Amino acid sequence: MSPTLTQDGLPVPQRYGAIITIALGIMMAVLDGAIANVALPTIARELNASPAESIWIVNAYQIAIVISLLSLSFLGDMLGYRRVYQVGLALFIATSLFCALSSSLNMLTVARILQGFGGAALMSVNTALIRIIYPQRFLGRGMAINSLIVAVSSAAGPTVAAAILSIASWKWLFLINIPIGILALWLALRFLPDNTQKATQQKFDVPSAIMNALFFGLLISALSGFAQGQNRGLILGEVVALVVVGVVFIRRQLSMTVPLLPVDLLRIPIFAMSMCTSVCSFCAQMLAMVSLPFFMQNVLGRDEVATGLLLTPWPLATSVMAPIAGRLIGRVHAGLLGGLGLAIFASGLFLLALLPSQPTNADIVWRMILCGAGFGLFQSPNNHTIVSSAPRNRSGGASGMLGTARLVGQSMGAALVALMLNLFNDGGTHASLVLAGIFASVAAVVSMARMSQSRAVTDA
């Protein structure tokens, strides 16, 4: 049985049990998007795959999440966020075991696709659940905790992977999910609340779900293909298909009362502007986090262990700043908080690009702290604005859009790093950091522009 909701959130101590459940699930889902990167050479060698083929171990997971996130958030509005989250946890546990037992690249790729669907179920409704777990006056704190977990998990993936691989085989990257997932599922069954305001009148539109999957799948594929210098004819065909599917998809959504792609929410100016800042900021973050290891090892001559340690101040600074930002929500306008955070983030990125040719570790560390602190100051208020500016019975759609913005931004960032490396060779890492700073600066300007918008919260 799910705990009974009060008029405004869960009572203590049930609230703590529910937020721990959310924290464990989203940590696993986000971490597994980055944790396999470090182990790709080892996995490719053991499964007799080429380095290029092994990239599918990462891509399969990301693509599965992107193509299914909005469909699952729509189902959350219809069937209940609690149910979608619990099914996602069960699927994630089972497919983590499938990944660990895989004996070929094809088998592991299929397992990662299925694991991606489980991860998408967790990501699609996690912020919607936070909105009903926390009383309205404490919602900022809940969003801060969630933002902290997402940001730290995204940035700490390589460090966690290196720690696991130093004492165990690559299979433990997936096996470790099983005990954590079982604990999370037990907590979910005991503590997660059900949303009382289900969108029972809306119906799941299968053609929209198919077009949604095609649109985002083609977008990621075309971006990656262009960045990696694949056949131009194939890329052009993907772009044409993307435009055709996109036009038909958007027109269908505009004609629906409750669309799967929440274009109706994008008509809310502050929601649309917050989505823009989210895409740009995560693009900047991924540009930096993918290029920095290459920069530190190939340009600065640091070894793998030193690189991992030098990257660590970023997530640590985020973990310190995110709770502070959460407490400032409601006292300071989210546009101002986000703008200041993104300006600090952009400054850190540009300063990293301007490092001297022989920097000390201290030169690198304080710049990493600046990036992490700026990102932590921005993310919680931005996510709070995205979720709270949507009607309460559309919280699933807002949550899905938030996750989609993050993943699209990260996919763009990773593709742009590959493009910079192909265009500028050894100078590609420096170009990536400069481009990251530009994206963060654009996001800062858009965030500041939100101050002219009233942040009316609709709980209808």
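Scroll up for the structure.
Residues numbered from 1 in each chain as written. Predicted model: local features only at pLDDT ≥ 70, side-chain atom pairs only at ≥ 80, totals over all residues. Heavy atoms only, no water.

**Some points on the nonpolar core**
So, step 1. One finds Ile 22, Tyr 85, Met 123, Leu 129, Ile 133 and Leu 192 to be the most contacted residues of the largest nonpolar core, which totals 66 residues.
So, step 2. Sorting elements by how many residues they give to this core places helix α6 (residues 105-133) first, with 10 residues.
So, step 3. Other than its neighbours up to four places away in sequence, Met 123 contacts Ile 26, Ala 29, Val 30, Ile 65, Leu 69, Ser 399, Arg 406 and Leu 407.
So, step 4. In terms of nonpolar packing, the next biggest core, distinct from the first, is built from 42 residues, Leu 349, Ala 353, Phe 375 and Ala 431 among them. (Core = buried A, V, L, I, M, F, W, Y, C linked by side-chain atoms within 4.5 Å. Buried < 20%, exposed > 50% of the residue type's maximum accessible area, 1.4 Å probe, protein only. Helix = DSSP H or I, 4+ residues; strand = E, 2+ residues; numbered from the N terminus. Contact = heavy atoms within 4.5 Å.)

**What to know about empty space enclosed by the protein**
So, step 1. Under the criterion given, the structure shown has 1 cavity of 30 Å³ or more.
So, step 2. In this structure, the largest cavity occupies an estimated 110 Å³ of space.
So, step 3. Surrounding the largest cavity, 13 residues form its lining, Asn 126, Asn 146, Val 150, Leu 402 and Arg 406 being those nearest its centre.
So, step 4. Elements supplying a minimum of two residues to the lining of the largest cavity: α6, α7 (139-165), α16 (361-388) and α17 (395-424).
So, step 5. If you tally residues by element for the lining of the largest cavity, the top one is α17, at 4 residues. (1 Å grid on protein atoms, 1.4 Å probe; cavity = no way out; pocket = protein on both sides within 12 Å on 5 of 7 lines; lining within 4 Å. Points joined across faces, edges and corners; volume = space filled by probe spheres on them.)

**Comments concerning helix α10 (residues 206-227)**
So, step 1. The terminal C-alpha atoms of α10, which comprises 22 residues, lie 32 Å apart, in line with the 32 Å expected from a rise of 1.5 Å per residue.
So, step 2. All buried positions along α10 are accounted for by Ser 208, Ala 209, Met 211, Asn 212, Phe 216, Gly 217, Leu 218, Ile 220, Ala 222, Ser 224, Gly 225 and Ala 227.
So, step 3. Packing partners of the buried residues in α10 comprise α4 (56-79), α11 (232-254) and α17.
So, step 4. Looking one or two residues beyond α10, the residue adopting positive phi is Gly 229, at roughly 70 degrees. (Expected span 1.5 Å × (residues − 1).)

**Observations regarding the packing of aromatic side chains**
So, step 1. By the definition in use, this model includes 7 aromatic pairs.
So, step 2. Between Phe 282 and Phe 375 the ring centres are 5.4 Å apart and the planes differ by 80 degrees, which places this aromatic pair in the edge-to-face class. Residue Phe 282 is found in helix α12 (residues 269-299), and its partner Phe 375 is found in helix α16; the two are separated by 93 residues along the sequence.
So, step 3. Residue Phe 282 is classed as buried on the basis of its relative accessible area of 1%.
So, step 4. For Phe 375, a relative accessible area of 0% corresponds to the buried category.
So, step 5. Taking 5.7 Å as the distance between ring centres and 80 degrees as the angle between the ring planes, the aromatic pair formed by Trp 314 and Phe 345 counts as edge-to-face. With a gap of 31 residues between them, Trp 314 in helix α14 (residues 313-328) and Phe 345 in helix α15 (residues 334-353) connect regions that are remote in the sequence. Judged on exposure class, the residue Trp 314 and its partner Phe 345 are both buried. (Phe/Tyr/Trp six-rings, centres within 6.5 Å; stacked < 30°, edge-to-face > 60°.)

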